[in-house]
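Analysis of the macromolecular model
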Amino acid sequence: MGWGSAGDIFDPVARALIEAGASDDLKRNLLGQLIDKLRDGDWDTEGESLEEFRDDPLIIALFRERGITADCGDQGGPEHADECTRTLGHDGDHVDDQDYSWPKSTEGAS
Ligand SMILES: [Zn+2]
């Protein structure tokens, strides 16, 4: 049996740090330790928390360093393209399973 409610601890702490404008160092330190402790306690819904903070590059990196990843899923590709199948937080262009690729930044997209 996993420990699904660990996200009830992680999510509010992470959100509070973000809202307080905590530095990346502080977030990395505190949330890194928190993730490790929660995982020691058999946290098994890390993926849900990752989805919750999928816009925060540092949190994505912390999870990725621990082997927890999600699909990028970006849908801003060209016509006929599928959603991006690369790992959340990837570098470079989005790529789908048909080899369409498109740049990450869509500034000024009409
Ligand atoms: Zn992508």
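Residues numbered from 1 in each chain as written. Predicted model: local features only at pLDDT ≥ 70, side-chain atom pairs only at ≥ 80, totals over all residues.

**Things to note about the domain arrangement of the protein**
It is common to give the size of an interface as the accessible area lost on bringing the parts into contact. For the record, the criterion: Domain delimitation in this document rests on an assignment produced automatically or drawn from a domain database.
The domains assigned to the protein are domain 1 (4-65) and domain 2 (71-110). Taking the mean C-alpha position of each, domain 1 and domain 2 sit 25 Å from one another.

**As for the nonpolar core**
To keep it simple, the criterion reads: By our criterion, buried Ala, Val, Leu, Ile, Met, Phe, Trp, Tyr and Cys residues that link up through C-beta atoms within 7 Å make up a nonpolar core. Three exposure classes are used. Buried residues have 20 or more other C-beta atoms within 10 Å of their own C-beta, exposed residues have 12 or fewer, and partly exposed residues fall in between, all C-beta atoms being placed from the backbone. The helix count covers DSSP runs of H or I at least four residues long, the strand count covers runs of E at least two residues long, and both are numbered beginning at the N terminus. In this description, any two residues whose backbone-derived C-beta atoms lie within 7 Å of each other are considered to be in contact.
Counting 13 residues, the largest nonpolar core has Phe10, Leu31, Ile35, Leu38, Ile59, Leu62 and Phe63 as the members making the most contacts within it. For this core, the elements supplying multiple residues, two or more each, are α1 (7-19), α2 (24-40) and α4 (57-65). When residues in this core are grouped by element, the largest group, five residues, is from α4. The residues contacting Ile59, other than those within four sequence positions of it, are Ala14, Leu31 and Phe53.

**What about the environment of Asp56?**
Position of Asp56 relative to the elements: it lies in the loop between α3 (46-52) and α4. Sequence spacing of Asp56 and Ala16 is 40 residues, and the spatial spacing of their C-alpha atoms is 13 Å.

**Observations regarding the packing of α1 against α2**
Think of two packed helices as two axes; the pair is described by the angle between the axes and how far apart they sit. Operational definition: The convention used is that axes are lines fitted to C-alpha atoms, helices contributing only their stretch in contact, and that angles between N-to-C directions extend from 0 to 180 degrees. Any angle that falls under 35 degrees is termed roughly parallel, while one over 145 is termed roughly antiparallel, one within 65 to 115 roughly perpendicular, and all others oblique. Amino acid classes used here: Ala, Val, Leu, Ile, Met, Phe, Trp, Tyr, Cys and Pro are nonpolar; Asp, Glu, Lys and Arg are charged; the rest, including Gly, are polar.
Across the interface, α1 lies against α2 with an axial gap of 11 Å and an inter-helix angle of 180 degrees. On the basis of their axis angle, the class for α1 and α2 is roughly antiparallel. In this structure, α1 contributes Ile9, Phe10, Val13, Ala14 and Leu17 to the contact, and α2 contributes Leu26, Lys27, Leu30, Leu31, Leu34, Ile35 and Leu38. Here the residues of the contact of α1 with α2 are counted per class, giving 11 nonpolar, no polar and one charged.

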